[in-house]
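Residue strings, one per chain:
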Amino acid sequence: MSQLVNKTQLKAILGIPTADTNDDARLESACDAATQQVQAECGRQFVQDATATARVFVASSALFVEVDDFMTTSGLIVKTDDDNNGTFETTWAAGDYQLEPLNGRLEGQAWPYTQLRAIDARYWPRWRGQALVQITARWGWSTIPAPVKQAAEIQALSIFKAADAPLGVAGFGDIGVVRLRQAMHPVALSLLSQYRRESVMVG
């Protein structure tokens, strides 16, 4: 799987020579797990897909449909099932909808598109909460924010070092035994705070 942090980066942080492959399997596993945990914590797919794939969504209103994150319009196709027959027969032109946030930016920084607004007398079809909107896109972020990368590194290191903590004991502090928790590292959580989002209505 594509990763937010890789074993080469972890080796550099841990001071492990590149030629030393003894812990490669554990490092690789830690990177995979950290990537999954970071993305699950935020409810986002930060790693961008190599190719465009189709996903279906439920319009939140006649004017808006919330979608999963994507940052590039390369390969973007918007279709709707207007008569609720299971076929997405209507392809929307670029002038039929508006990608938001506008200009792919939010509060001064690059941000993925998360919503499409119907314009020019167009409306998203709706019927009893069914997924009647199909979006084909390269899902994910083409530019991964530095705090997200840092959080993934911290989490991967935490996972890797957990194997060296017998019975979950990481050491001893002023108040006694310090145990590892099966959760996100608190610093990683802090770094990710501004990137969390609620799940979109996906079919």
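Now for a quick tour of the structure. (Residues numbered from 1 in each chain as written. Predicted model: local features only at pLDDT ≥ 70, side-chain atom pairs only at ≥ 80, totals over all residues. Heavy atoms only, no water.)

### What about the pairing of strand 2 (residues 64-70)?
By the criterion of burial, strand 2 is predominantly enclosed, with 5 of the 7 residues buried. In terms of strand pairing, strand 2 meets strand 8 (residues 113-118) through 4 bridges, oriented antiparallel. Note on strand 8: the bridge partner recorded for glutamate 66 is glutamine 115. (Buried < 20%, exposed > 50% of the residue type's maximum accessible area, 1.4 Å probe, protein only. Helix = DSSP H or I, 4+ residues; strand = E, 2+ residues; numbered from the N terminus. Pairing = 2+ DSSP bridges.)

### Some points on the side chain of glutamine 48
Here glutamine 48 is to be found in the loop between helix 2 (24-42) and strand 1 (53-57). Among the polar contacts listed, one links the side chain of glutamine 48 to the side chain of arginine 138, at a separation of 3.0 Å. With residues near it in sequence (within four places) discarded, glutamine 48 still touches Thr72, Arg138, Trp139, Gly140, Trp141 and Ser142. (Polar contact = N/O pair within 3.5 Å; in protein donor to acceptor, adjacent residues only side chain to side chain. Contact = heavy atoms within 4.5 Å.)

### Some words on helix 3 (residues 146-162)
Residues spaced three or four apart along an α-helix point in a common direction, a consequence of the helix completing one turn every 3.6 residues. Taking 1.5 Å per residue as the helical rise, helix 3 with its 17 residues ought to reach 24 Å, and the 24 Å between its terminal C-alpha atoms agrees with that figure. Along helix 3, the positions that sit buried rather than exposed are Val148, Ala151, Ala152, Glu153, Ile154, Gln155, Ala156, Leu157 and Phe160. Looking at the buried positions of helix 3, the neighbouring elements they touch are helix 1 (7-14), helix 2 and helix 4 (186-192). (Expected span 1.5 Å × (residues − 1).)

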